[in-house]
Amino acid sequence: MRVLIIGGGGREHALAWRLAQSPEVERVFAAPGNPGIARVAACLPAGDGSPDAYVAIADSVEADLTVVGPEAPLVAGVVDAFRARGRAIFGPTAAAARLEGSKIFAKNFLQQSNIPTAAFATATNAAEARRALDRFSYPVVIKADGLAAGKGVVVAEDRATAEAALASLKPPFVIEEFLSGEEVSYIVLSDGRSAVPMEPTQDHKAVFDDDAGPNTGGMGAYCDSRILTAAESRTILDQIIRPTIEATGFTGFLYAGLMMTNAGPKVLEFNVRLGDPETQPIMHRVRTDLAPLLLAATQGALPADRMEWTPGPSVCVVLASGGYPGAYAAGKPIHGIEAAEAVGATVFHAGTRQGSGGLETAGGRVLGVTASGADLAAAIDNAYAAARLIHFDGMHYRTDIGQKGLKRYND
Ligand code: AMP
């Protein structure tokens, strides 16, 4: 099988790394890829990034299967374009991708389908949103409707902060009841009819330890079966995942961002693709050969079997550029990746490039240092022991990835 991966971040490196190990896969291609992906795949320029450009790339490499990493090409209709040409691609249509592309669409869908989610109001402009605020208590959550790379949500402690958020975010808005509980990322593969769940993960969105500071694209994640009980997982499948797939015919990776509240799981958001960094610890643990599974799913024939996983949890620690998620400098030389891999971690590239002097930083999130262990504490130790061997100017990482899990298990 010749597999094309669309994208060029840590998520796509983890996917390429896993798929390249499949006995069914002859060759992996990535567009645009990155220097880490180039170690396991052939990287090709993504052209103008349009659906037609990706179809042309898939044609040129004779891809038997294409897997889409990021949301933007999905929302732009890359799956529709491939299907029109009779090329196998794993992902949702543009219509189904609206579950992520528009938070108003998603909230209305959840409400109409009786799927548990936070109470909300929608507003087309700031004046309307200010009037809607009168009906909520604090903290309140303000969300921009459209794609915002993880930066379109503000949890406001008081009215002044809420009004400031309305001034800074792009309308239209969703105003939402604040939910408390543990957040869980629940991702399934779907062929449009049935779903196979992956092991649960927990992301760490805030830039600093103890969830302080602004939200980022994700500063680290861990994958551990103990995040959810079997009963919780069944409830999520029955109340959230199955009704969504039945109503939309969703194909691809469906990611439910959930809050586990006292009243049960509630949907914070849908993503219509794998999460990043969650994909990195997921790919580190998955044992089932994904290539035939994804191909079968594009034919509406996803096997119902449960996926297989190595029993030990995995942890990904993101190494970010100083200043991220605000302004940061690029072009800083990176050292120590080989040493980190020599102690057993896998280092996925998120924002790197080949400079004249070797590998250098090229993004806010630079690397994802991913390791497994016999238990969560060991996986955390292994990931951090490797992370400490890597250096670049201004490097910043959270020191508490996975601690939420340890705390929960100890309680
Ligand atoms: P979203 O992109 O909608 O998942 O929101 C980003 C982050 O904001 C989530 O991961 C949560 O940490 C937080 N968040 C969003 N909605 C709520 C809510 N209703 N209650 C509490 N926190 C929320």
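Scroll up for the structure.
Residues numbered from 1 in each chain as written. Predicted model: local features only at pLDDT ≥ 70, side-chain atom pairs only at ≥ 80, totals over all residues. Heavy atoms only, no water.

A. Structural detail: the site of the ligand. If you check the shell around the ligand, you find 15 residues, and the closest are Lys143, Glu176, Leu179, Glu183 and Glu269. Between an oxygen atom of the ligand and a side-chain N or O atom of Lys143, the distance comes to 2.8 Å. Here the ligand has 470 Å² of accessible area as a free molecule, and 92% of this is covered by the chains. (Near = heavy atom within 4 Å. Polar contact = N/O pair within 3.5 Å; in protein donor to acceptor, adjacent residues only side chain to side chain. Areas by Shrake-Rupley, 256 points an atom, 1.4 Å probe, with all protein chains shown as cover.)

B. Broad picture of the sheet that holds strand 3 (residues 42–43). With parallel pairing, the five strands of this open sheet are ordered in space as 3-2-1-4-5. Both edges of this open sheet fall to strand 3 and strand 5 (89–90), since each of them pairs with a single strand only. Relative to strand 4 (residues 65–68), strand 1 (residues 2–7) runs parallel, the two sharing four bridges. Bridging from a neighbouring strand, Ile6 pairs with Val68 of strand 4. (Pairing = 2+ DSSP bridges. Helix = DSSP H or I, 4+ residues; strand = E, 2+ residues; numbered from the N terminus.)

C. Spatial organisation of the packing of helix 5 (residues 94–101) against helix 6 (residues 103–112). Between helix 5 and helix 6, the shortest axis-to-axis distance is 6 Å and the interhelical angle comes to 95°. Classified by the angle their axes make, helix 5 and helix 6 are roughly perpendicular. For the pair formed by helix 5 and helix 6, the contact residues are Arg98, Leu99 and Gly101 on the first element and Lys103, Phe105, Ala106 and Phe109 on the second. Its residues placed into classes, the contact of helix 5 with helix 6 shows four nonpolar, one polar and two charged. (Axes fitted to C-alpha atoms, helices over the stretch in contact; angles between N-to-C directions. Parallel < 35°, antiparallel > 145°, perpendicular 65-115°, else oblique. Contact = heavy atoms within 4.5 Å. Nonpolar A, V, L, I, M, F, W, Y, C, P; charged D, E, K, R; others polar.)

D. Spatial organisation of the pattern of salt bridges. On inspection of all chains with the given rule, the structure shows 20 salt bridges. Note that Arg87 and Asp59 form a salt bridge whose closest N and O atoms lie 2.6 Å from each other. One end of the pair, Arg87, is in the loop between helix 4 (78–84) and strand 5; the other, Asp59, is in helix 2 (residues 51–61), with 28 residues separating them in the sequence. Residue Asp59 is classed as partly exposed on the basis of its relative accessible area, which comes to 27%. A salt bridge links Glu176 to Lys143; the shortest N-O distance between them is 3.1 Å. One end of the pair, Glu176, is in strand 9 (residues 173–177); the other, Lys143, is in strand 7 (residues 140–144), with 33 residues separating them in the sequence. Its relative accessible area of 6% is what places Lys143 among the buried residues. Connected through shared salt-bridge partners, Asp211, Arg398, Asp400 and Lys404 make up one network. (Salt bridge = Lys/Arg side-chain N within 4 Å of Asp/Glu carboxyl O. Buried < 20%, exposed > 50% of the residue type's maximum accessible area, 1.4 Å probe, protein only.)

E. Representation of the sheet that holds strand 9 in the model. Overall, antiparallel pairing links the four strands, which are arranged 6-9-7-8 in an open sheet. Whereas interior strands pair on both sides, the edge strands pair on one side only; in this sheet they are strand 6 (120–123) and strand 8 (153–156). For this sheet the average axis-to-axis angle between neighbouring strands, irrespective of direction, equals 20°. Relative to strand 8, strand 7 runs antiparallel, the two being bridged by four bridges. Across the sheet, residue Val140 finds its bridge partner in strand 8, namely Ala156. Helix 6 contacts strand 6, strand 7, strand 8 and strand 9 of the sheet and is inclined by roughly 45° relative to strand 9. Set on the sheet, helix 8 (residues 159–168) makes contact with strand 7, strand 8 and strand 9; between it and strand 7 the angle comes to about 0°.

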